[in-house]
Amino acid sequence: MAIISAKHNSSMISWAVLLAFLLLVHAKIASAWYLPGIAPVDFEEGAKLDVFANKLTSPKNQLPYDYYSLPVCGYGEKRKSKRVNLGQMLTGERAKPTDFDIRMLVPESCTIMCSVVVNGRARTKMQKRIEDLYSVRLNMDNMPVVVKGKTKAGSTAYHFGYPLGFVQDGNYFLNNHLKFKILFHRSSIPSMTAVAEEARVVATYRVVGFEVEAWSVNHKMNEKNQSLSCPVKVGVEPLKIEENTVIWYSYDVEFEESSMAWATRWDPLMNANPELRQIQWFSIVNSFMIGIFLTALVGTILLRTLLRDFVRYNQLEDEEEQEDVTGWKLVHGDVFRPPSFAAALAVFCGTGAQIFWLTCVTLIFAVLGFLSPANRGGLLTALIMFFIFASL
């Protein structure tokens, strides 16, 4: 009895040690995950807000391009991207530094970044990208730059990235001036800063929105390299892309305080407009009705076949007919028959099981918030990892 009790206690201790180890591993893994609303970045007034170049995307061409593949500020330099995960790499996302010098709560007006001369192959490449409706994706504090607009119904809509340029009357125009609007939220937790051996409370702010208006401006420069076309307003002469065109890149920055909390800053970007909601509900109802119709059709055919077989079996007159197996009862002969392609059937069943568990686990992690859009590339990375682990 004592031996059994000792074995029981040893087993309990082993399970307790294993549980503690799993909790420790879970805590380490959880600390590495990015949960929206838990790890905000606070900026003091005057702190630098880094803007990273993501990629160029187009609704006409599914192939993304690198931001520095075009003649922009920093063109020709080998700028290294920040470390990205597997999902970001597969979707072509990057996080390369740019020359925008933006400081928290420091407005800018018509700041000139650089000038680039466009000719030859670079000009042809830029015109092709403009013709293919490419948009430029930028990020600030993990927030994508968006163009705010209105739908036909008057609701607010957002477009990720700003258009590279536009085509008018066979001419190509480049959007070389950007008007940034940065929405910030005053942090409820001020930071402590030591100045002259005395601690003082400094107000901090969080970025909750990153909006932009793209303009095409043919800057007229003076001797001090100051633009005579500023401030940029309606009616300004656009910049046409031609051979040996000198492109002056510039930007404005304004700040606007928002009541939106940091944890909900993605909500306006993720909410679909009313037109999209109507289309989605129509698609759901349409698919549901088609499924019901097909189910009823197959059920009707099976029911008529079974009823016809039942009537035939009830009208049997002799034993010879009773021994005759016809109709749906022939299925019993195929139950234990080996399939023609057993290996292929096993592969398909295994793959189906992988996809089933992949879907279930991904939905669970998405509900818990681990696959938030704030965690860029997290969904694709999770899908690949879960698919691999489901094969074990």
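Residues numbered from 1 in each chain as written. Predicted model: local features only at pLDDT ≥ 70, side-chain atom pairs only at ≥ 80, totals over all residues. Heavy atoms only, no water.

**As for the packing of helix α7 (residues 342-368) against helix α8 (residues 378-390)**
The criterion, for reference: Throughout, an axis means a line fitted to C-alpha atoms (over the contacting stretch in the case of helices), and angles, computed between N-to-C directions, take values from 0 to 180 degrees. Under the scheme used here, helices are H or I runs from DSSP no shorter than 4 residues and strands are E runs no shorter than 2 residues, and both carry numbers assigned from the N terminus. With respect to orientation, any angle under 35 degrees is reported as roughly parallel, any angle over 145 as roughly antiparallel, any angle of 65 to 115 as roughly perpendicular, and every other angle as oblique. The hand of a helix crossing depends on one turn: near helix anticlockwise from the far one by less than a right angle means left-handed, and clockwise means right-handed. Whether two residues are in contact is decided by their heavy atoms: any pair within 4.5 Å suffices. Three residue categories are used. Nonpolar comprises Ala, Val, Leu, Ile, Met, Phe, Trp, Tyr, Cys and Pro, charged comprises Asp, Glu, Lys and Arg, and polar comprises the others, including Gly.
α8 packs onto α7 with a crossing angle of 135° between their chain directions and a minimal axis gap of 9 Å. Taken together, α7 and α8 sit at an angle that is classed as oblique. By crossing handedness, the relation of α7 to α8 is classed as right-handed. Residues Gln354, Ile355, Leu358, Val361, Thr362 and Phe365 of α7 pack against Leu379, Leu383, Phe386, Phe387 and Ala390 of α8. The residue inventory of the contact of α7 with α8, partitioned by class, reads 9 nonpolar, 2 polar and no charged.

**Brief notes about the pairing of strand β10 (residues 156-160)**
Put simply, the rule reads: Whether two strands pair comes down to DSSP finding at least two bridges between them.
The pairing of strand β9 (residues 146-150) with β10 spans 5 bridges and is antiparallel. Its bridge partner lying in β10, valine 147 is registered against histidine 159. Counted between consecutive antiparallel strands, the loop separating β9 from β10 contains 5 residues, among which glycine 154 sits at a positive phi close to 95°.

**Looking at the pattern of salt bridges**
Selection rule: We define a salt bridge as a contact between a side-chain nitrogen of Lys or Arg and a carboxyl oxygen of Asp or Glu at a distance within 4 Å. Throughout, exposure labels follow a simple rule: accessible area from a 1.4 Å probe, protein chains only, divided by the maximum for the residue type, with under 20% read as buried, over 50% as exposed, and the rest as partly exposed.
Taken as a whole and assessed by the stated rule, the structure comprises 13 salt bridges. For the salt bridge of arginine 79 with aspartate 99, the shortest nitrogen-to-oxygen distance reads 3.0 Å. Of this pair, arginine 79 sits in the loop between β3 (51-57) and α2 (86-90) while aspartate 99 sits in the loop between β4 (96-97) and β5 (102-103); the two residues are 20 residues apart in sequence, bridging distant segments of the chain. According to the relative accessible area criterion, arginine 79 is buried, its value standing at 16%. Between lysine 181 and glutamate 256 there is a salt bridge, and its shortest N-O distance comes to 3.4 Å. Pair noted here: lysine 181 is in strand β14 (residues 177-186) and glutamate 256 is in strand β18 (residues 245-257), with a separation of 75 residues, a long-range link. Salt bridges linked by common partners bring Lys48, Asp101 and Arg103 together as one network.

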